[in-house]
Amino acid sequence: MHTTMAILNQKGGVGKTTTAVTLASGLARNGYHVLLIDLDTQGNVADSLGLPHSDDLRRLLSPDLHFPLEQVITSSGLDHLDVIRSDKSTTALKQTLAGVTLREYILADVLTSAVYDVILLDCAPSADLLHFAALVAADYLLIPTRLDKLAVNGVRDALQTLAALQRITRCQVAGILPTFYERVTLESHEQLIHLA
(Lines give C-alpha, C1' and ligand atoms only; values in the text may rest on other atoms or scores of the structure.)
Protein backbone atom coordinates (compact mmCIF):
# COMPACT_ATOMS: atom_id res chain seq x y z
CA MET A 1 0.00 0.00 0.00
CA HIS A 2 1.45 3.35 -1.01
CA THR A 3 0.94 6.91 0.17
CA THR A 4 0.18 9.45 -2.55
CA MET A 5 0.81 13.17 -2.16
CA ALA A 6 -0.21 15.94 -4.56
CA ILE A 7 2.09 18.95 -4.59
CA LEU A 8 0.21 21.94 -5.94
CA ASN A 9 -0.57 25.61 -5.71
CA GLN A 10 -2.83 27.36 -8.20
CA LYS A 11 -0.11 29.99 -8.71
CA GLY A 12 2.99 29.31 -10.79
CA GLY A 13 6.59 29.93 -9.78
CA VAL A 14 6.20 28.98 -6.13
CA GLY A 15 8.61 26.03 -6.07
CA LYS A 16 6.26 23.08 -6.68
CA THR A 17 8.64 21.12 -8.89
CA THR A 18 11.66 21.93 -6.73
CA THR A 19 9.71 20.73 -3.70
CA ALA A 20 8.53 17.56 -5.49
CA VAL A 21 12.00 16.61 -6.80
CA THR A 22 13.74 17.43 -3.50
CA LEU A 23 11.19 15.49 -1.45
CA ALA A 24 11.30 12.53 -3.87
CA SER A 25 15.12 12.46 -3.82
CA GLY A 26 15.26 12.71 -0.04
CA LEU A 27 12.76 9.89 0.44
CA ALA A 28 14.60 7.71 -2.09
CA ARG A 29 17.93 8.35 -0.37
CA ASN A 30 16.32 7.16 2.86
CA GLY A 31 15.34 3.86 1.25
CA TYR A 32 11.73 4.55 0.25
CA HIS A 33 10.69 3.34 -3.21
CA VAL A 34 9.31 6.54 -4.80
CA LEU A 35 7.41 7.30 -8.00
CA LEU A 36 7.37 10.96 -9.08
CA ILE A 37 4.72 11.85 -11.68
CA ASP A 38 4.89 15.10 -13.65
CA LEU A 39 1.40 16.39 -14.49
CA ASP A 40 2.62 19.66 -16.05
CA THR A 41 3.09 20.24 -19.80
CA GLN A 42 6.34 22.10 -19.11
CA GLY A 43 8.09 18.85 -18.18
CA ASN A 44 10.19 20.44 -15.46
CA VAL A 45 10.59 17.22 -13.48
CA ALA A 46 12.63 15.76 -16.35
CA ASP A 47 14.65 18.99 -16.59
CA SER A 48 15.36 18.93 -12.85
CA LEU A 49 16.61 15.34 -13.01
CA GLY A 50 18.63 15.81 -16.21
CA LEU A 51 16.32 13.60 -18.25
CA PRO A 52 14.85 14.21 -21.70
CA HIS A 53 11.17 15.13 -21.93
CA SER A 54 8.80 12.33 -22.89
CA ASP A 55 5.11 11.62 -23.39
CA ASP A 56 5.05 9.01 -20.58
CA LEU A 57 1.98 10.60 -18.98
CA ARG A 58 0.04 10.70 -22.26
CA ARG A 59 0.86 7.04 -22.96
CA LEU A 60 -0.31 6.07 -19.46
CA LEU A 61 -3.58 8.01 -19.30
CA SER A 62 -4.79 8.32 -22.88
CA PRO A 63 -7.75 5.98 -23.46
CA ASP A 64 -6.52 5.49 -27.05
CA LEU A 65 -3.11 4.20 -25.92
CA HIS A 66 -3.51 2.93 -22.35
CA PHE A 67 0.05 1.66 -21.79
CA PRO A 68 0.51 -0.33 -18.56
CA LEU A 69 2.14 1.59 -15.72
CA GLU A 70 5.35 -0.46 -15.80
CA GLN A 71 5.90 0.42 -19.49
CA VAL A 72 5.93 4.20 -18.99
CA ILE A 73 8.11 4.39 -15.88
CA THR A 74 11.64 5.72 -16.30
CA SER A 75 14.51 5.48 -13.86
CA SER A 76 15.57 8.87 -12.53
CA GLY A 77 19.19 7.80 -12.26
CA LEU A 78 18.86 7.74 -8.46
CA ASP A 79 18.32 4.49 -6.58
CA HIS A 80 14.68 3.92 -5.53
CA LEU A 81 13.34 6.88 -7.57
CA ASP A 82 11.31 6.35 -10.73
CA VAL A 83 9.51 8.99 -12.78
CA ILE A 84 6.68 9.40 -15.23
CA ARG A 85 7.57 12.35 -17.41
CA SER A 86 5.39 14.89 -19.14
CA ASP A 87 5.80 17.15 -22.15
CA LYS A 88 3.73 19.30 -24.51
CA SER A 89 1.65 16.23 -25.46
CA THR A 90 -0.03 16.56 -22.07
CA THR A 91 -2.09 19.41 -23.55
CA ALA A 92 -3.58 17.01 -26.11
CA LEU A 93 -4.09 14.43 -23.35
CA LYS A 94 -6.22 16.90 -21.37
CA GLN A 95 -8.33 17.59 -24.45
CA THR A 96 -8.83 13.84 -24.99
CA LEU A 97 -9.75 13.24 -21.35
CA ALA A 98 -12.31 16.06 -21.39
CA GLY A 99 -14.78 13.69 -23.08
CA VAL A 100 -14.10 10.70 -20.82
CA THR A 101 -16.70 9.67 -18.24
CA LEU A 102 -15.44 9.72 -14.62
CA ARG A 103 -12.18 11.32 -15.76
CA GLU A 104 -11.49 12.56 -12.20
CA TYR A 105 -10.71 8.95 -11.24
CA ILE A 106 -8.37 8.14 -14.13
CA LEU A 107 -5.16 8.71 -12.19
CA ALA A 108 -6.39 6.94 -9.04
CA ASP A 109 -7.41 3.94 -11.14
CA VAL A 110 -4.00 3.48 -12.81
CA LEU A 111 -2.15 3.92 -9.51
CA THR A 112 -4.06 1.26 -7.56
CA SER A 113 -1.61 -1.44 -8.69
CA ALA A 114 1.55 0.68 -8.22
CA VAL A 115 4.12 -1.02 -6.02
CA TYR A 116 5.77 1.98 -4.34
CA ASP A 117 6.06 3.33 -0.83
CA VAL A 118 5.35 6.92 -1.90
CA ILE A 119 3.89 8.47 -5.06
CA LEU A 120 4.37 12.22 -5.53
CA LEU A 121 2.27 14.16 -8.03
CA ASP A 122 3.84 17.38 -9.31
CA CYS A 123 0.85 19.43 -10.47
CA ALA A 124 0.58 22.30 -12.93
CA PRO A 125 -0.60 25.64 -11.55
CA SER A 126 -3.81 25.67 -13.57
CA ALA A 127 -6.97 24.14 -12.16
CA ASP A 128 -7.66 21.61 -14.92
CA LEU A 129 -8.86 18.02 -15.02
CA LEU A 130 -5.41 16.59 -14.20
CA HIS A 131 -5.37 18.87 -11.17
CA PHE A 132 -8.71 17.40 -10.04
CA ALA A 133 -7.55 13.86 -10.84
CA ALA A 134 -4.46 14.41 -8.68
CA LEU A 135 -6.57 15.51 -5.72
CA VAL A 136 -8.84 12.49 -6.14
CA ALA A 137 -5.83 10.12 -6.31
CA ALA A 138 -3.94 11.71 -3.40
CA ASP A 139 -4.02 10.90 0.28
CA TYR A 140 -2.36 14.21 1.12
CA LEU A 141 -1.95 17.70 -0.33
CA LEU A 142 1.23 19.73 0.16
CA ILE A 143 1.01 23.38 -0.91
CA PRO A 144 4.32 25.17 -1.51
CA THR A 145 3.96 28.94 -1.63
CA ARG A 146 6.03 32.04 -2.08
CA LEU A 147 5.35 34.57 0.61
CA ASP A 148 3.63 37.15 -1.55
CA LYS A 149 -0.04 38.04 -1.89
CA LEU A 150 -0.69 36.34 -5.25
CA ALA A 151 0.92 33.07 -4.21
CA VAL A 152 -0.94 33.06 -0.90
CA ASN A 153 -4.14 33.59 -2.92
CA GLY A 154 -3.12 30.45 -4.84
CA VAL A 155 -3.04 28.59 -1.51
CA ARG A 156 -6.59 29.74 -0.80
CA ASP A 157 -7.69 28.65 -4.26
CA ALA A 158 -6.09 25.20 -3.83
CA LEU A 159 -7.86 24.74 -0.50
CA GLN A 160 -11.18 25.78 -2.06
CA THR A 161 -10.67 23.29 -4.91
CA LEU A 162 -9.98 20.52 -2.41
CA ALA A 163 -13.09 21.47 -0.43
CA ALA A 164 -15.19 21.36 -3.62
CA LEU A 165 -14.00 17.78 -4.24
CA GLN A 166 -14.60 16.56 -0.69
CA ARG A 167 -17.34 14.12 -1.74
CA ILE A 168 -15.04 12.24 -4.12
CA THR A 169 -11.62 12.42 -2.41
CA ARG A 170 -10.05 11.28 0.83
CA CYS A 171 -7.22 13.81 0.40
CA GLN A 172 -6.22 15.80 3.48
CA VAL A 173 -3.96 18.83 3.76
CA ALA A 174 -0.48 17.73 4.85
CA GLY A 175 0.72 21.30 5.15
CA ILE A 176 1.62 24.60 3.56
CA LEU A 177 5.32 24.98 2.78
CA PRO A 178 6.66 28.56 2.66
CA THR A 179 9.30 28.99 -0.05
CA PHE A 180 11.52 31.89 -1.14
CA TYR A 181 11.34 33.51 2.31
CA GLU A 182 13.06 36.90 2.29
CA ARG A 183 14.03 38.09 5.76
CA VAL A 184 14.56 41.66 4.57
CA THR A 185 11.07 42.19 3.20
CA LEU A 186 8.07 43.09 5.28
CA GLU A 187 5.73 41.29 2.88
CA SER A 188 7.36 37.87 3.47
CA HIS A 189 6.91 38.29 7.22
CA GLU A 190 3.31 39.53 6.91
CA GLN A 191 2.30 36.71 4.54
CA LEU A 192 3.94 34.11 6.82
CA ILE A 193 1.84 35.45 9.72
CA HIS A 194 -1.24 35.40 7.47
CA LEU A 195 -0.66 31.71 6.64
CA ALA A 196 -0.37 30.79 10.29
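Note that residues are indexed from 1 along each chain, following the sequence as it is written. It should be noted that, the model being predicted, local features are given only for residues of pLDDT at least 70 and side-chain atom pairs only at 80 or more, the latter also being counted only at that level, while totals for whole chains, interfaces and linings use all residues. The basis for every side-chain value is the complete set of heavy atoms in the structure, and neither hydrogens nor water enter the calculation.

**Q** Break down the nonpolar core for me, with residues and values.
**A** Nonpolar side chains in soluble globular proteins tend to end up buried together. Take the buried residues of types Ala, Val, Leu, Ile, Met, Phe, Trp, Tyr and Cys, join any two whose side-chain atoms come within 4.5 Å, and each joined set is a nonpolar core. We call a residue buried when its accessible area falls under 20% of the maximum for its residue type, exposed when it is over 50%, and partly exposed in between, using a 1.4 Å probe and counting protein chains only. Counting 37 residues, the largest nonpolar core has Ala-6, Ile-37, Leu-61, Leu-107, Leu-111 and Leu-121 as the members making the most contacts within it. Per element, the largest residue contribution to this core is six residues, and it comes from helix H7 (residues 129–137). Any pair of residues with heavy atoms lying within 4.5 Å of one another is described as a contacting pair. Not counting the four nearest positions on each side in its chain, Leu-107 is found in contact with Leu-39, Leu-61, Leu-121, Ala-133, Ala-134 and Ala-137. In DSSP terms, a helix is any run of H or I states spanning at least four residues, a strand is any run of E spanning at least two, and both are numbered starting from the N terminus.

**Q** Go over the sheet that holds strand E4 (residues 81–84), please, and point to the residues and values.
**A** Pairing in this open sheet of seven strands is mixed, and the strands run E3-E4-E2-E5-E1-E6-E7 from one edge to the other. A single partner strand is all that each edge strand has here, and the edge strands are strand E3 (74–75) and strand E7 (172–179). Any two strands are treated as partners once DSSP identifies two or more bridges connecting them. Taken together, the three bridges between strand E1 (residues 3–7) and strand E6 (residues 140–146) define a ladder with parallel strand orientation. Each bridged residue has a counterpart across the sheet, and for Ile-7 the counterpart in E6 is Leu-142. Convention adopted: a line fitted to C-alpha atoms gives each axis, helices being fitted over their contacting stretch, and angles between N-to-C directions are expressed from 0 to 180 degrees. Contacts between helix H1 (residues 16–29) and the sheet are confined to E1, strand E2 (34–38), E4, strand E5 (118–122), E6 and E7, with E5 contributing the most and set at about 165° to the helix. Packed onto the sheet, helix H8 (residues 149–164) meets E6 and E7 and runs at close to 165° relative to E6.

**Q** Could you give an account of H1, with specific residues and numbers?
**A** Any helix carries an expected span of 1.5 Å times its number of residues minus one. In this model, H1 (14 residues) spans 20 Å end to end at C-alpha, consistent with the 20 Å of a helix rising 1.5 Å per residue. Here H1 has its buried residues at Lys-16, Thr-17, Thr-19, Ala-20, Val-21, Ala-24, Ser-25 and Ala-28. Looking one or two residues past H1, Gly-31 carries a phi angle of roughly 95°, positive in sign.

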